[in-house]
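Residues per chain, in single letters:
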Amino acid sequence: MKLRYLAFIGAAALLPAQVYAWPWSTDMMNQPSIKPQEGPPAPFPSRSVPVSGIPTMVADRQEAESLKNPIPATPESIKTGRNLFKIYCAACHGLTGKADSPVSEKIGAIDLTSDYVQGMLSEGWIWGTITFGGAIMPAYGKPGAGGGSNDLSPEERWHVVNYVRNQLVKDGAGTATASAE
Ligand code: HEC
């Protein structure tokens, strides 16, 4: 008698698990809504800039020279560029870009506020320099060239270009701004 009683409890305990398998049982996940990867992807809003979709299509700096900068030099872009510049470039080129860091002279980092960089080089060339590096300068976007954690995305490289060409000289003019933020 006692054994039967136990068997009954056992069967009752199993019951809730069975409930989920009944054909009329529903799951919160199955709602009349569009799930990820279902239906046509929503189109990008007009004039939006893809955040991870501008591949490096050029093979070297020469090919990059004529690239058109796809990222407008907005205050946000310049701000992003300034932060990246301080992290990636200032160690060699100096916070003001004037090759005034302690190592600038030793490694031959050039003055980025010079007429050469500000006027003669194309924006594509500067982007290409960041991407592929120079004789001594490291590459920040060359796939498979020992990059990785050091890499800047194509967009980030354009933000740095925007900063170098639109704000670096002005920041250096008032040293206070260069060290602020
Ligand atoms: C490890 C030191 C180092 C770092 C970091 C560095 N550079 Fe350079 N950079 C150099 C040196 C050295 C040169 C001179 C060319 C050469 O030998 O590479 C140079 C040259 C340049 C040039 C001139 C290219 C030309 O055609 O003459 C530009 C523009 C430039 N760097 C921008 C940058 C920017 C922007 C960053 C940050 C993303 C950066 N550099 C980070 C060392 C560095």
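Everything numeric in this text was worked out from a predicted model, so none of it was measured.

Comments concerning helix α3 (residues 75-88)
Part 1 of the reasoning: Here α3 spans 20 Å end to end across 14 residues, near enough to the 20 Å set by a 1.5 Å rise per residue.
Part 2 of the reasoning: Within the sequence span of α3, burial applies to Ser 77, Ile 78, Gly 81, Arg 82, Leu 84 and Phe 85.
Part 3 of the reasoning: Buried residues along α3 sit in contact with α4 (90-93), α8 (154-166) and α9 (168-173).

Digging into helix α7 (residues 123-132)
Along an α-helix, residues three or four apart share an orientation, since each turn contains 3.6 residues.
Part 1 of the reasoning: With respect to burial, α7 is a largely interior element, nine of its 10 residues being buried.
Part 2 of the reasoning: Gly 124, Trp 125, Ile 126, Trp 127, Gly 128, Thr 129, Ile 130, Thr 131 and Phe 132 are the residues of α7 that are buried.
Part 3 of the reasoning: Buried positions along α7 lie against α2 (61-64), α6 (115-120) and α8.
Part 4 of the reasoning: In the stretch just after α7, Gly 133 is the one whose phi turns positive, near 75 degrees.

Observations regarding the confidence of the model for the protein chain
Part 1 of the reasoning: Taken residue by residue, the protein chain gives an average pLDDT of 82. The fraction at 70 or more is 78%.
Part 2 of the reasoning: Mean pLDDT across the secondary structure elements of the protein chain bottoms out at helix α10 (residues 175-179), with 48, and peaks at α3, with 97.
Part 3 of the reasoning: The model gives residues 176-181 a pLDDT under 50, and that stretch makes eight contacts with residues more than four places away or in other chains.

Thoughts on the packing of α3 against α8
Part 1 of the reasoning: Two elements in contact, α3 and α8, have axes whose closest approach is 7 Å; the angle formed by their N-to-C orientations is 95 degrees. In terms of their interaxial angle, α3 and α8 are classed as roughly perpendicular. Every residue of α8 that contacts α3 at Ser 77, Ile 78, Thr 80, Gly 81, Arg 82, Leu 84 and Phe 85 is listed here: Glu 156, His 159, Val 160, Asn 162, Tyr 163, Val 164 and Asn 166.
Part 2 of the reasoning: Residues of the contact of α3 with α8, tallied by class, amount to six nonpolar, six polar and two charged.

The rules behind the values
Residues numbered from 1 in each chain as written. Predicted model: local features only at pLDDT ≥ 70, side-chain atom pairs only at ≥ 80, totals over all residues. Heavy atoms only, no water. Helix = DSSP H or I, 4+ residues; strand = E, 2+ residues; numbered from the N terminus. Expected span 1.5 Å × (residues − 1). Buried < 20%, exposed > 50% of the residue type's maximum accessible area, 1.4 Å probe, protein only. Contact = heavy atoms within 4.5 Å. pLDDT = per-residue confidence, 0-100. Axes fitted to C-alpha atoms, helices over the stretch in contact; angles between N-to-C directions. Parallel < 35°, antiparallel > 145°, perpendicular 65-115°, else oblique. Nonpolar A, V, L, I, M, F, W, Y, C, P; charged D, E, K, R; others polar.

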